[in-house]
Protein chains: 2
Amino acid sequence: MDCCVIPLRHGGLSLVQTTDFFYPLVDDPYMMGRIACANVLSDLYAMGITECDNMLMLLSVSQKMNDKDRERVMPLIIQGFRDAAEEGGTSVTGGQTVINPWIIVGGVASVVCQPNEVIMPDGAVPGDVLVLTKPLGTQVAVNAHQWLDQTERWNKIKLVVTKEEVREAYQEAMFSMATLNRTAAGLMHKFQAHAATDVTGFGLLGHAHNLAAAQRSEVAFVIHNLPVIAKMAAISKACGNMFNLIQGTSAETSGGLLVCLPREQAAKFCSEMKSQGSAGGQGAAGGAWIIGIVEKGDRRARIIEKPRIIEVPPRGSPAANQDNSASPAPSLS
Amino acid sequence: MDCCVIPLRHGGLSLVQTTDFFYPLVDDPYMMGRIACANVLSDLYAMGITECDNMLMLLSVSQKMNDKDRERVMPLIIQGFRDAAEEGGTSVTGGQTVINPWIIVGGVASVVCQPNEVIMPDGAVPGDVLVLTKPLGTQVAVNAHQWLDQTERWNKIKLVVTKEEVREAYQEAMFSMATLNRTAAGLMHKFQAHAATDVTGFGLLGHAHNLAAAQRSEVAFVIHNLPVIAKMAAISKACGNMFNLIQGTSAETSGGLLVCLPREQAAKFCSEMKSQGSAGGQGAAGGAWIIGIVEKGDRRARIIEKPRIIEVPPRGSPAANQDNSASPAPSLS
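What counts, and where the lines are drawn
- Residues numbered from 1 in each chain as written.
- Chains lettered and ligands numbered in written order.
- Predicted model: local features only at pLDDT ≥ 70, side-chain atom pairs only at ≥ 80, totals over all residues.
- Heavy atoms only, no water.
- Helix = DSSP H or I, 4+ residues; strand = E, 2+ residues; numbered from the N terminus.
- Rg over C-alpha atoms; globule rule 2.2 N^0.38 Å.
- Buried < 20%, exposed > 50% of the residue type's maximum accessible area, 1.4 Å probe, protein only.
- Contact = heavy atoms within 4.5 Å.
- Areas by Shrake-Rupley, 256 points an atom, 1.4 Å probe, with all protein chains shown as cover.
- Lys, Arg positive; Asp, Glu negative; His and termini not counted.
- Charge placed at Lys NZ, Arg CZ, Asp CG, Glu CD.
- Least-squares fit on C-alpha atoms with pLDDT ≥ 70 in both.
- Pairing = 2+ DSSP bridges.
- Axes fitted to C-alpha atoms, helices over the stretch in contact; angles between N-to-C directions.
- Parallel < 35°, antiparallel > 145°, perpendicular 65-115°, else oblique.
- Left-handed = near helix turned anticlockwise from the far one by under 90°.
- Nonpolar A, V, L, I, M, F, W, Y, C, P; charged D, E, K, R; others polar.
- Buried area = accessible area lost by both parts, 1.4 Å probe.
- Salt bridge = Lys/Arg side-chain N within 4 Å of Asp/Glu carboxyl O.
- Polar contact = N/O pair within 3.5 Å; in protein donor to acceptor, adjacent residues only side chain to side chain.
- Disulfide = S-S within 2.5 Å.
- Phe/Tyr/Trp six-rings, centres within 6.5 Å; stacked < 30°, edge-to-face > 60°.
- Lys NZ or Arg CZ within 6 Å of the ring centre and 35° of its normal.

**Looking at the overall build of chain A**
Point 1. For chain A, the helix and strand inventory stands at nine helices and eleven strands.
Point 2. Against the compact-globule benchmark of 20 Å for 333 residues, chain A has a radius of gyration of 19 Å, which places it among compact chains.
Point 3. Referenced to the eigenvectors of the C-alpha coordinate spread, the extents of chain A come out at roughly 60 × 55 × 35 Å.
Point 4. Across the 333 residues that make up chain A, the buried fraction comes to 59%.
Point 5. In chain A, the proportion of contacts linking residues at least 24 apart, taken out of those at least 6 apart, comes to 83%.
Point 6. Here chain A displays about 12900 Å² of accessible surface, and carbon together with sulfur accounts for 50% of that area.
Point 7. Measuring between centres, the 28 positive side-chain charges of chain A sit 4 Å from its 32 negative side-chain charges.

This is the structure in structure tokens:
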């Protein structure tokens, strides 16, 4: 499970908690703060929990920063974290800050819930459809962006992508990672989701595998479609698959929810995700793509041999206005 | 306040949480784990909360450790942390581990409480008595222990202390830091404590000052007695007061509770702390000393000009069997 769920001494309530902290991976401190907060909250959202009662912030200041950098950077990280917490309907009431060689940003999200607020991640059944709520490829985008200044690295990928495309993909990855999965968590209730997890360090397949293993029914997850930030699949291929993006094990940070939905609900879930996404602002829902099916099986997950790559254009780009996300009729072979 | 207290959506309950993490300060990994856990829980105990519903562990593994050291050291830290959590009636159900240049050990303690479980730290009134539940001097002891191998440093203090005394003081500091303040938290209810805080990084006076500033009544705290691990006051003095131990601002780790008690309850609180301490084992209560009084004043704390130093002998030493702690009739001039 993405959170720990602790039965309390009080009237059927449970304490649900999660913690996460890591090192900066984007160069915009404000966005880094937002991403860290979205990443912590995501574990609650994966269990269908839309509320958070309290957020603690875990922070370390790098001892290598001079006073000026520290005073410029750290308040922006904190502000981004606080803003994302506020968007999640909670606030940061405490935490701890230490001095460390590296900057650390993270937090602890806690909520006290009634049982009906939680969707335990174990109810998938054969016939369900798998939906993913953010495109893959954040790690590829972050790395490719670093390579803009490293000639040797850049030369490996320059035949498949332009510098402008890398910058756009990086922006898209940053916005995507900073997007809360809260809308998806709410829609999981509306459309009777059977189970979900969030996609982070183990990549889509790793987390799909963990989720499949946790199911009460004997099911297997089969993934047919991979929504990927535009051009990231090509970069991954040009690098000799060092990221394993198409293999499904490229790490994501603050990735989308992988949701098991009843077949008749999946398209509606996707289209409502999309309409809420286009209505919202920077932290809005984004999209949702039907990526696979739940079959009878031995509690594993796999990607078919030649998955369909859905190129997700960066928001704001002309291509983004085409109906590329929330595809109502995906080809599930 | 030592914790954040979040009113919940459910029947008058509150979520009380605290987090703390820091770097190792003793060379015994198991004890380090215990100390880190005791230090996190202490913030709950300072508010009279004796229960903890969940503990998360925050850990970083040093990238500089080789595999062998890592496999030897980290499980001991985790075991110490878990054992102390169990002693606190809770368990570690989750957390996060990262790789970092330095080792980090810490945690998050959470509990969902009814209002009567919490003693808000703002009810001190003139006439109250101040009690401290662990001796001061942990930082001095830890530093002096490091100096055993540093000739230049050692030469500064060797006229006032023997190597054996430093080793004993270090052991005492380690046990003291690993001791839970849970007994004290329980006795705060029994003896109607008016307010409390735990003594950590700002030293006794720093935390006394913060507590005084938070009181509803116009009070001042006046500290007359300083219980100190034996010989640590002499070391501090021999170092030209670099620790500011007698001035009250030497940092403590996982220090005792500073408790404001009604005058007629203080001696009973101390003697019950002492009897529970001698009955218990390694993590037992320890002691308690009346250290000062609450007067009418401007919400500050001060130490009188020549405070009485109470030399607290290391447990197990012959002197420890004398009635040195829980002095029922302290000289409050």
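**Here we look at the relation of the copies chain B and chain A**
Point 1. Superposing chain B onto chain A requires a rotation of 179° together with a translation of 0.0 Å along the rotation axis, leaving an RMSD of 0.0 Å. Taken together, the turn and the small shift mark the pair as related by a two-fold rotation axis. When C-alpha distances to the rotation axis are compared across chain B, the minimum falls at Pro101 of chain B, with a value of 3.3 Å.
Point 2. Comparing interface residues between copies, 100% of those in chain B also sit at the interface in chain A, which points to an isologous, same-surface contact.

**Some remarks on the sheet that holds strand β10 (residues 289-296) of chain A**
Residues and elements named next belong to chain A.
Point 1. Taking strand neighbours across the sheet as the criterion, the six strands line up as β7-β9-β6-β10-β8-β11 in an open arrangement whose pairing is mixed. Among the strands making up the open sheet, the edge pair consists of β7 (195-198) and β11 (301-312). Strand-to-strand twist across the sheet, computed as the mean angle between neighbouring axes with direction ignored, equals 20°.
Point 2. Two strands pair when backbone bridges link them, and strand β6 (residues 129-132) and strand β9 (residues 257-261) are joined in this way by four bridges, in the antiparallel orientation. The partner of Leu130 across the bridge, within β9, is Cys260.

**Observations concerning the packing of helix α3 (residues 138-147) of chain B against helix α5 (residues 163-178) of chain B**
All names here are of chain B.
Point 1. With their axes 8 Å apart at the nearest point, α3 and α5 run at an angle of 135° to one another. By the angle between their axes, α3 is oblique relative to α5. α5 is crossed by α3, and the crossing has left-handed handedness. Only Val166, Ala169, Tyr170, Ala173 and Met177 of α5 make contact with α3, whose side of the interface consists of Thr138, Ala141, Val142, Ala144 and His145.
Point 2. Looking at the contact of α3 with α5 residue by residue, the classes come out as eight nonpolar, two polar and no charged.

**As for the interface of chain B and chain A**
Point 1. Listed by partner, the interface residues are 36 residues for chain B and 36 residues for chain A.
Point 2. Interface area for chain B against chain A, summed over the two sides, is near 3000 Å², with a carbon-plus-sulfur share of 63%.
Point 3. The largest contributions to the chain B side of the interface with chain A come from Arg9, His10 and Phe21 of chain B, which together make up 19% of the buried area.
Point 4. The tally of links between chain B and chain A comes to four salt bridges.
Point 5. Asp53 of chain B is paired through a salt bridge with Arg9 of chain A; the nearest N and O atoms lie 3.7 Å apart.
Point 6. The interface formed by chain B and chain A holds 19 residue pairs in polar contact (both at pLDDT 80 or more) in total.

**Here we look at the state of the cysteines**
All names here are of chain A.
Point 1. Under the defined criterion, the tally for this structure stands at zero disulfides over all chains.
Point 2. Cys52 takes part in no disulfide bond, and the closest cysteine sulfur to it belongs to Cys37, at a distance of 7.9 Å.
Point 3. Relative accessible area serves as the criterion here: at 4%, Cys52 is assigned to the buried category.

**Some words on the packing of aromatic side chains**
Point 1. Counted under the stated rule, the structure contains six aromatic pairs over all chains.
Point 2. Taking 6.3 Å as the distance between ring centres and 75° as the angle between the ring planes, the aromatic pair formed by Phe191 of chain A and Phe269 of chain A counts as edge-to-face. Linking Phe191 of chain A in the loop between α6 (182-190) and β7 with Phe269 of chain A in helix α9 (residues 263-279), this pair joins segments that are 78 residues apart in sequence. One exposure class covers both Phe191 of chain A and Phe269 of chain A, and it is buried.
Point 3. Both rings, one in Trp147 of chain B and one in Phe243 of chain B, keep their centres 5.9 Å apart while their planes meet at 35°; by these two values the pair is tilted. On the criterion of sequence distance, the pair formed by Trp147 of chain B in helix α3 and Phe243 of chain B in the loop between α8 (232-238) and β9 (257-261) is long-range, its members being 96 residues apart.
Point 4. Here the basic side chain of Lys163 of chain A rests over the ring of Trp154 of chain A, its NZ or CZ set 5.5 Å away from the ring centre.

**Topic: the sheet that holds strand β11 (residues 301-312) of chain B**
Residue and element names in this part refer to chain B.
Point 1. Pairing is mixed in the open sheet, where six strands are placed in the order β7-β9-β6-β10-β8-β11. The open sheet terminates on both sides in strands that have one partner only, identified here as β7 (195-198) and β11. Looking at each pair of strands side by side, their axes are set apart by 20° on average, direction ignored.
Point 2. Of the pairings in the sheet, the one linking strand β6 (residues 129-132) to strand β10 (residues 289-296) comprises four bridges and is antiparallel in character. Note on β10: the bridge partner recorded for Val129 is Ile293.

**Focus on the pattern of salt bridges**
Point 1. Inspection of the entire model under this criterion finds 26 salt bridges over all chains.
Point 2. As a salt-bridge pair, Asp122 of chain B and Arg216 of chain B come within 3.3 Å of each other at their nearest N and O atoms. On the criterion of sequence distance, the pair formed by Asp122 of chain B in the loop between β5 (104-113) and β6 and Arg216 of chain B in the loop between α7 (203-213) and β8 (219-229) is long-range, its members being 94 residues apart.
Point 3. A residue is classified by how much of its surface remains accessible, and Arg216 of chain B, at 59% relative accessible area, is exposed.
Point 4. Here the salt bridges share partners, and the residues they tie into one network are Arg9 of chain A together with Asp53 and Glu117 of chain B.

**Focus on helix α3 (residues 138-147) of chain A**
Each α-helix winds once per 3.6 residues, and so residues spaced three or four apart point in a common direction.
Point 1. Counting buried positions along α3 of chain A gives eight out of ten residues, so the element sits mostly inside the fold.
Point 2. Contacts made by the buried residues of α3 of chain A are with α4 (151-157), α5 (163-178), β8 (219-229) and α8 (232-238) of chain A.

**So, the packing of helix α1 (residues 29-45) of chain B against helix α2 (residues 67-87) of chain B**
Residues and elements named next belong to chain B.
Point 1. Two numbers describe how α1 lies on α2: the axes approach to 6 Å, and their chain directions differ by 40°. Accordingly, the angle class assigned to the pair α1 and α2 is oblique. Note that α1 runs across α2; the crossing there is right-handed. Where α1 approaches α2, its residues Pro29, Tyr30, Gly33, Arg34, Ala36, Cys37 and Leu41 are matched on the opposing element by Val73, Leu76, Ile77, Gln79, Gly80, Phe81, Asp83, Ala84, Ala85 and Glu87.

In short, shape yes, function no, at least from these values alone.
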